[in-house]
Amino acid sequence: MESNVGGIVESKSKRIEESVAGNGLLHRRVFLTQAGALFGAGTMGMLGSETTNAQNMQGRPAWMQSPGKGVGAYGTRARFEDHVQRAAGSAPGTTGAGASRTPLQHLEGIITPNSLHFERHHSGIPEIDPNEHRFLIHGLVDRPLIFDMDMLSRYPMISKIHFIECSGNSRVSGLIDEPVDQNCGMLHGLVSCSEWTGVPLSILLDEAGVDPSARWILAEGSDSAAMSRSVPMAKAMDDAIIAIYQNGERLRPDNGYPMRLFLPGFEGNTSVKWLRRIKVTAEPTMTKDETSKYTDLLDDGTSLMFTYPMAVKSVITSPSPGLDLNGAGIYEISGIAWSGGGHISKVEVSADGGSTWGEAALSEPVLDRSLTRFRMAWRWNGAPTVIMSRAIDNTGAIQPTRDSIIAEKGMKFAYHYNGIQSWAIDAEGRAVNTYV
Ligand code: CO
């Protein structure tokens, strides 16, 4: 069967296999125009009439022999998909301080299901009664305002598709001396992407009347850590949302029910969950969450503070560790790219360890500060190699190599690591995290 498929490809190779970079990277037209020849005809075409008759007449599976389950009030996935789980871990000695990671390698497209959205909590998930919850705007304003859920829901809402990423995401993929042997979700799964719906914060701040001396806001959560961050007024007035819905349903408790701040492109913790107040201030408040952590320690002992936007990044989700290639042949390399600085303008893929690069196809929609899906056709020859991707955003920012990041910033920092991810593929088709 393998040789049959290969024969079809070989006989038309001039037309359908257009090389775009070394070691088998192909123009995506190979999928758009010849998919049947590459996959379908080679296998299905070989079935005889006896086989197809058996499937039609005698081979009725068990699920066709009696009516199925009835309708249900709240959906659940197929039990065969139960292995697709977040990877959850708490800090030693705690139950509520920790994170769970999105299994990026099992997902496609750009939207993360709410049940698989990553979490990061500093003191567990509060159980908030929305009827009791209040949200206060105070500080340097003409009129302090307090909202309950009903009042807030009367304001005009907007919906935006954006990623959110923990600033510590990907640290273990590159800032450890030896490559950590983990899958894509464990290494990069502190990023997820949703449609967020809520009220623009600028509307509420305008109503409160911001004093001209105000340059910052403090946002405080209603968890028992009172997680709080300072955010520049310019961001608050630009595109900040008080989010109430995520992917069409109310926020889940693990993502801030009943309301959270949402700051497109900024490091995740600034999108304060379980939001209870915003204080308008002249200066940053210097909370524990922006002095004892979420600063970036440099080699010379100084630290960068208030490093908000998440940098341009990409990762190949398939193939990746745990998703093995099944023999030499044509594959689609699939991955995600994103940038806190804007939209993704280009993703390049290498199948020869970075010697040559080909431009991947970007799947629509390509949105501002959203995950973007990229795809690249690849004829794997069965030999060990290294595959990698690098993203470029519309500001011209290019995802850097691990070496260049370490040369510039050292290895003491823990946040905002965005180095190129390399997967080594061995002769058996297994992928593993590697440094080049
Ligand atoms: Co930062």
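These numbers come from a predicted model, not from an experiment.

**Observations concerning the overall build of the protein chain**
In step 1: Along its length, the protein chain carries 11 helices and 26 strands.
In step 2: In terms of C-alpha radius of gyration, the protein chain reaches 25 Å, essentially the compact-globule figure of 22 Å for 436 residues.
In step 3: Taking the principal axes of its C-alpha atoms as reference, the protein chain extends roughly 80 × 60 × 40 Å.

**Focus: the environment of Pro321**
In step 1: Following the sequence through the fold, Pro321 ends up in the loop between β18 (313–318) and β19 (329–338).
In step 2: Accessibility expressed as a C-beta count within 10 Å gives 19 for Pro321, which makes it partly exposed.
In step 3: For the pair Pro321 and Gly185, spaced 136 residues apart in sequence, the C-alpha separation works out to 9.5 Å.
In step 4: Dropping the residues within four chain positions of it, Pro321 is found in contact with Gln182, Asn183, Cys184, Ala431, Val432 and Asn433.

**Description of the domain arrangement of the protein chain**
In step 1: As assigned here, the protein chain comprises domain 1 (1–43 + 295–436) and domain 2 (119–285).
In step 2: Computed from C-alpha coordinates alone, the two centres of domain 1 and domain 2 are separated by 31 Å.
In step 3: Listed per partner, the contact involves 30 residues of domain 1 and 27 residues of domain 2.
In step 4: Mapped by element, the contributors of at least two residues to the side of domain 1 that touches domain 2 are β18 and β26 (431–434).
In step 5: Looking at the side of domain 1 that touches domain 2, its residues break down into 15 nonpolar, 12 polar and 3 charged.

**Describing the sheet that holds strand β7 (residues 145–147)**
In step 1: Strand order in the open sheet formed by 5 strands is β7-β6-β15-β10-β11, with mixed pairing between adjacent strands. Edge positions in the sheet fall to β7 and β11 (228–232), since each has one partner strand and no second. Each strand of the sheet is rotated relative to its neighbour by a mean of 15 degrees, with strand direction disregarded.

**Concerning the sheet that holds strand β24 (residues 385–393)**
In step 1: Spatially, 5 strands are ordered β21-β20-β24-β25-β26 in an open sheet, and the strand pairing comes out antiparallel. Sheet topology places β21 (358–359) and β26 at the edges, where each strand pairs with a single neighbour.
In step 2: Bridging between strand β20 (residues 344–350) and β21 involves 2 bridges; their strand directions are antiparallel. Across the sheet, residue Glu348 finds its bridge partner in β21, namely Glu359.

**A short note on unusual backbone geometry**
In step 1: Pro258 follows Tyr257 through a cis peptide bond whose omega is 5 degrees.
In step 2: Looking at the element boundaries, Pro258 is found in the loop between β13 (249–250) and β14 (260–262).
In step 3: Cis rather than trans, the peptide bond between Glu364 and Pro365 has omega equal to 0 degrees.
In step 4: Phi at Asn23 is positive, roughly 60 degrees, even though this residue is not glycine.
In step 5: Counting through the fold element by element, Asn23 comes out in the loop between β1 (19–21) and β2 (25–26).
In step 6: In this structure Asn23 comes out as buried when scored by C-beta crowding, with 20 C-beta atoms within 10 Å.
In step 7: Not every positive phi belongs to a glycine, and Met286 is a case in point at roughly 60 degrees.

**Describing the environment of Ser355**
In step 1: Mapped onto the secondary structure, Ser355 falls in the loop between β20 and β21.
In step 2: Among all residues touching Ser355, those that are not within four sequence positions of it are Gly22 and Ser350.

**Things to note about the nonpolar core**
In step 1: Core analysis: the biggest nonpolar cluster contains 46 residues, and Met376 and Trp378 have the highest contact counts within it.
In step 2: Both domain 1 (1–43 + 295–436) and domain 2 (119–285) contribute no fewer than three residues apiece to this core.
In step 3: Apart from the residues lying within four places of it in its own chain, the contact partners of Trp378 are Gly24, Leu25, Leu26, Tyr331, Ile333 and Ala351.
In step 4: If you look at the next biggest cluster of nonpolar residues, it comprises 31 residues, including Leu201, Ala243, Phe262 and Val280.

**As for the pairing of strand β12 (residues 241–246)**
In step 1: Of all the 6 residues making up β12, 5 are buried; the element is thus mostly covered by neighbouring parts of the structure.
In step 2: The sheet contact formed by strand β9 (residues 191–200) and β12 spans 5 bridges and is antiparallel. When the bridges of β12 are listed, Gly198 appears paired with Ala243.
In step 3: Across 3 bridges, the pairing between β12 and β14 is antiparallel. When the bridges of β14 are listed, Ala243 appears paired with Arg260.
In step 4: Judged from the 2 bridges that link them, β12 and β13 form a sheet pairing that is antiparallel. Along β13, the bridge assignment pairs Tyr245 with Arg250.
In step 5: In this antiparallel pair of consecutive strands, β12 and β13, the connection spans 2 residues, and Asn247 shows a positive phi of 50 degrees.

**A short note on the confidence of the model for the protein chain**
In step 1: Chain-level statistics for the protein chain give a pLDDT mean of 92 and a share of 91% at 70 or above.
In step 2: Across residues 1–14, confidence stays below pLDDT 50; counting only partners more than four residues off in sequence or on other chains, it has 14 contacts.
In step 3: The model gives residues 40–44 a pLDDT under 50, and that stretch makes 7 contacts with residues more than four places away or in other chains.

Calculation rules
Residues numbered from 1 in each chain as written. Predicted model: local features only at pLDDT ≥ 70, side-chain atom pairs only at ≥ 80, totals over all residues. Helix = DSSP H or I, 4+ residues; strand = E, 2+ residues; numbered from the N terminus. Rg over C-alpha atoms; globule rule 2.2 N^0.38 Å. Buried ≥ 20, exposed ≤ 12 C-beta atoms within 10 Å, placed from the backbone. Contact = placed C-beta atoms within 7 Å. Domains from an automatic or database assignment. Nonpolar A, V, L, I, M, F, W, Y, C, P; charged D, E, K, R; others polar. Pairing = 2+ DSSP bridges. Axes fitted to C-alpha atoms, helices over the stretch in contact; angles between N-to-C directions. Core = buried A, V, L, I, M, F, W, Y, C linked by C-beta atoms within 7 Å. pLDDT = per-residue confidence, 0-100.

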